[in-house]
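Okay, here's what each chain looks like letter by letter:
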Amino acid sequence: MELILEDAVVVTMAAGSGTGSMLVRDGRIAAVGRQARASASPGAMVARLGGATVIPGLIDAHCHVSDVGYLAAAADCSQPSAPGIPAIQARLREAVGRTPEGSWVTGSGYVEYKLREGRHPTRADLDEAVPDRPAVLYHTSLHACVLNTAALREAGFEDGQPDPPGGALGRDRAGRLDGVVYEGPMFALFERNLRHDIAQMDDAGRARLVKNAGRYFTELGVTSACDADTRRDTLTAFAEVDDAGALQPRIYGLVVHDQVDWLAASGLRGRRSDRLAAEAVKIWADGGMSSRTAAIHGTYPVPPYGSGILFFERDELTEMVRDLDSRGFQICIHAQGDRAIETVLAAYGAVLAGSPGNPRRHRIEHGGAMYPPLITRAAALGIVVVSQPGFFSTLGDGFAAAFPDRGDQLYPFGSWLRAGIAAAGSSDAPVITADPLMGIRDAVLRRTGEGRVLGPAERLAAGDALALYTRGAAFAMHREGEIGSLEPGKLADFVVLDKNPLDADPEQIGDIRVLATVVGGTPVYQSADILPAG
Ligand SMILES: [Zn+2]
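Keep in mind the model is a prediction, meaning the values are calculated, not measured.

How each quantity is defined
- Residues numbered from 1 in each chain as written.
- Predicted model: local features only at pLDDT ≥ 70, side-chain atom pairs only at ≥ 80, totals over all residues.
- Heavy atoms only, no water.
- Helix = DSSP H or I, 4+ residues; strand = E, 2+ residues; numbered from the N terminus.
- Rg over C-alpha atoms; globule rule 2.2 N^0.38 Å.
- Contact = heavy atoms within 4.5 Å.
- Areas by Shrake-Rupley, 256 points an atom, 1.4 Å probe, with all protein chains shown as cover.
- Lys, Arg positive; Asp, Glu negative; His and termini not counted.
- Charge placed at Lys NZ, Arg CZ, Asp CG, Glu CD.
- Pairing = 2+ DSSP bridges.
- Axes fitted to C-alpha atoms, helices over the stretch in contact; angles between N-to-C directions.
- Salt bridge = Lys/Arg side-chain N within 4 Å of Asp/Glu carboxyl O.
- Buried < 20%, exposed > 50% of the residue type's maximum accessible area, 1.4 Å probe, protein only.

**Student:** What's the story with the overall build of the chain in this structure? I'm lost.
**Tutor:** When you go through the chain residue by residue, the secondary structure sums to 17 helices and 24 strands. For the chain, whose C-alpha radius of gyration is 23 Å, the value lies close to the compact-globule estimate of 24 Å for 534 residues. When its C-alpha atoms are laid out on the principal axes, the chain stretches across 80 × 55 × 50 Å. In the chain, once contacts between residues fewer than 6 apart in sequence are set aside, the share between residues at least 24 apart is 72%. Surface accessibility of the chain: about 19,500 Å² in total, with carbon and sulfur atoms responsible for 50%. Of the charged side chains in the chain, 52 are positive and 66 negative, and the gap between their average positions amounts to 2 Å.

Here it is in structure tokens:
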């Protein structure tokens, strides 16, 4: 099966960019440019693209695939769907009827400082909407949530109890629980609910969860994704869908560190097919930026104040890294605050001392407050940084409030590239939308929702921004030989766009339309019928 793309602008992200045609044969790229026509067989199909742009399939190097699939079924409490608490209550009320008995009524996507009320909803707000069964509302960061009274009871939280380890419970002026749960206990609750609800699903339900996620990502042009939170049940679900030949995008699993022994014994470690691999391990070193729980030096000037939460001391983290490295895993550590990044770099430094560079490509996920001395250290160690440019337009004003003096230095993309750091782009969806074009725009503009530019010197040229989501992300998942650019022999993962992001007005990059998404030569999404159906 051969397909010639013609009358296109082909952005290869490799030498010889900007040619007009490409030949796809048996799921791989056979030729790019003038040779395309000459190399094709007489019976090849031809798609004339009318000047549309073809770019490599976009890669989301850090997102939460199963969470996206799971939350796709929850009440949408993000904006514009829910601009204030009454709208959140309405969305939750609508969700009651479709929530199976035994599961919690679930909403997701709110950001307290964007709500009209400018505060977290409380248990009382949720009780008004869902009085008689447990309900949970997840913050968009997935570092906080709100429970109603029935859920607080079922979770075992009581007025007057101390904060659980690694987290905090919100309280009203009288000291009663207000329903808001931060960090450690929040992760445990999300975990419990996700695991519980997946365990209730039959094969078809699990396949639906994976396919819901797949549809969401491929409509945005994403052809490969690193799942930053892979566990036994979700890796099993990915494998089931992969066995049926239906897994898209390609998934690279970052398996949560406490499930590594299971992974080693499961037969699912490593490359399972060209759609599914699990060879990396995920560790969380600290909290989140938008929940102001990233571990920093100094204290936050905004609630919940404090210096953030560090989950491991240096020695303990170093031992974990040493063990996983010796077992051949790539290690990916969530680190946002400067205190956490410093701890992670110390652990990596101790383990990599004496090895040539960073052969397993150990990563820092996010790298928010990576200030100049930490950049120098990360570059010297060859650490890969996987970051989220799309946070600027969605969460950037909250960052500016939390870091009034250092907002310009957060997510320093320009400095990373100048220091020679291998950087990759990602979304952290469902924390924000997975739309990579929005991420590319934000890497170029670094402009917050309210319009302030954070760190003009850290802005990227559009080509460098696109590289984060193509070549850079492929490198971060050890697959630069197969994906990330359009070159003969590579897998035919590509996206057809109505405009070229490299010469569009930066303001317009986020509005570029995905016309088609192709994985391994097969169109998996088309908004306009420009390619022959697979
Ligand atoms: Zn994440």
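**Student:** What is the right way to look at the sheet that holds strand E4 (residues 28-32) in this model?
**Tutor:** One key point about sheets: their strands pair by backbone hydrogen bonds, in either a parallel or an antiparallel sense. With respect to topology, four strands assemble into an open sheet ordered E4-E3-E1-E5, the strand pairing being mixed. Each edge of the open sheet is held by one strand with a lone partner, namely E4 and strand E5 (45-48). Across the sheet, the mean angle separating the axes of adjacent strands is 25 degrees when strand polarity is ignored. Inspection of the sheet shows strand E1 (residues 2-6) paired to strand E3 (residues 22-25) by four bridges, in the antiparallel sense. Bridging across to E3, Ile4 finds its partner in Leu23.

**Student:** Just checking my understanding: could you explain the pattern of salt bridges for this structure?
**Tutor:** Once the charged atoms of two side chains with opposite charge are near each other, the side chains can pair. For the structure on display, the rule yields 34 salt bridges. Between Arg91 and Glu94 there is a salt bridge, with its nearest N and O atoms 3.2 Å apart. Here Arg91 pairs with Glu94, and both are found in helix H3 (residues 85-96), just three residues apart, close to one helical turn. Residue Arg91 is classed as partly exposed on the basis of its relative accessible area of 21%. Among the residues examined, Glu94 registers a relative accessible area of 47% and is labelled partly exposed. One salt bridge in this structure joins Arg269 and Glu279, with 2.8 Å as the shortest N-O distance. Of this pair, Arg269 sits in the loop between helix H9 (260-266) and strand E16 (270-271) while Glu279 sits in strand E17 (residues 276-284), placing them ten residues apart in sequence. Among the charged side chains, a network of salt bridges with common partners joins Glu191, Arg195, Asp229, Arg231 and Asp233.

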